[in-house]
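Commentary on secondary and tertiary structure
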Amino acid sequence: MAEGREEKVVQAFVEIAEGLARGVDAFDLLDRLAHNCVEILDVASAGLLLADEHGALHVLAASSQAARELEVFQVQRDEGPCRDAYHAGARVDVPDLTAQADRWPEFVEAALRAGYQSLHAVPLRLRASILGAMGLFGSRVGAMDEADHAVAQALADVASVALVQERVSADQTALASHLQAALSSRIAIEQAKGVIAYAGDLEVGQAFERLRRYARDHNLRLTDVAAAVVARRLTSGAVLAHAGAEG
């Protein structure tokens, strides 16, 4: 592993550890993790799926809109590598998507149309439980070497810890409660992003950065800020004005 990339790997783990220690939102941590995967691994985009208490998958974070849409596509059509990685509890390697058109016809067509040529999926796991899956989207054909696979799985395992945020027993009821809280946080943040985007005439990604900056600068949880925006306890104008003052 090149020295520069090794430093990025270390920094990614340090960032997650520090975030957990501070009680940062799991959603915020996983969004950063998705972007870190793009920086560390030879992939174009990354996305994370989380299962709810009934086993239904939901998109929790993604490094790009294209990856988010493809993760949603897998959930809605019930086909694709990430969906299979979750159900099998094992990694799924697709070095050439065109070669798997018979296996996932609709997904492969959508992925190729989005500009992706390969995909590698690893499960999000906590002990014996499989919580979801992380997809790594490549813009060209090619296999992922074992060293990269090891890093990807380690990052996915840390993501699972971030989702739960504390050691839990094997009690499935307790685990389901933690995961449902993460999904509820995602919904509040998505709603707040929409409010900020509309108010500031911004792209959704830009709105998310405004929310994140406000939360960090005020030492608040991202989910709490988002909930306040949705409930109108915090105005979108205040969030936008803060971003403008900092910029």
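These lines cover the structure that appears in this document, whether it is placed above or below.

Residue position: Gln74 is located in helix 3 (residues 65-77). Beyond its immediate chain neighbours, meaning those up to four positions away, Gln74 contacts Glu79, Gly80, Pro81, Cys82, Arg83, Phe107 and Phe137.

Here the focus is the pairing of strand 2 (residues 57-62). Counting buried residues in strand 2 gives five out of six residues, a clear majority hidden from the surface. In this sheet, strand 2 lies alongside strand 1 (residues 45-51) in antiparallel orientation, the contact comprising five bridges. Among the inter-strand pairings, Ala51 is bridged to a residue of strand 2, identified as Leu57.

Moving on to the pattern of salt bridges. In total, this model carries 15 salt bridges according to the counting rule given. Across the pair Arg77 and Glu106 runs a salt bridge, and its minimum N-O distance is 2.6 Å. Placement of the pair is Arg77 in helix 3 and Glu106 in helix 5 (residues 105-113), with a sequence separation of 29 residues. In this structure Arg77 comes out as partly exposed when scored by relative accessible area, which is 41%. Looking at Glu106, the relative accessible area reads 38%, which means it is partly exposed. Arg83 is the salt-bridge partner of Asp84, the closest N and O atoms lying 2.9 Å from each other. You can call Asp84 buried: its relative accessible area is 15%. Overlapping salt bridges bring together Asp78, Arg83, Asp84 and Arg103 as one network.

A word on the sheet that holds strand 3 (residues 92-94). Ordered by their spatial adjacency, five strands build an open sheet running 2-1-5-4-3, and the pairing between neighbours is antiparallel. At either end of the open sheet lies a strand with only one pairing partner, and these are strand 2 and strand 3. Averaged over all pairs of adjacent strands, the angle between their axes in this sheet comes to 20 degrees, without regard to strand direction. The pairing of strand 4 (residues 118-126) with strand 5 (residues 129-138) spans nine bridges and is antiparallel. By the bridge assignment for strand 5, His120 is matched with Leu136. Here helix 4 (residues 81-88) sits on the sheet in contact with strand 1, strand 2, strand 3, strand 4 and strand 5, set at roughly 155 degrees to strand 5.

The rules behind each value
- Residues numbered from 1 in each chain as written.
- Predicted model: local features only at pLDDT ≥ 70, side-chain atom pairs only at ≥ 80, totals over all residues.
- Heavy atoms only, no water.
- Helix = DSSP H or I, 4+ residues; strand = E, 2+ residues; numbered from the N terminus.
- Contact = heavy atoms within 4.5 Å.
- Buried < 20%, exposed > 50% of the residue type's maximum accessible area, 1.4 Å probe, protein only.
- Pairing = 2+ DSSP bridges.
- Salt bridge = Lys/Arg side-chain N within 4 Å of Asp/Glu carboxyl O.
- Axes fitted to C-alpha atoms, helices over the stretch in contact; angles between N-to-C directions.

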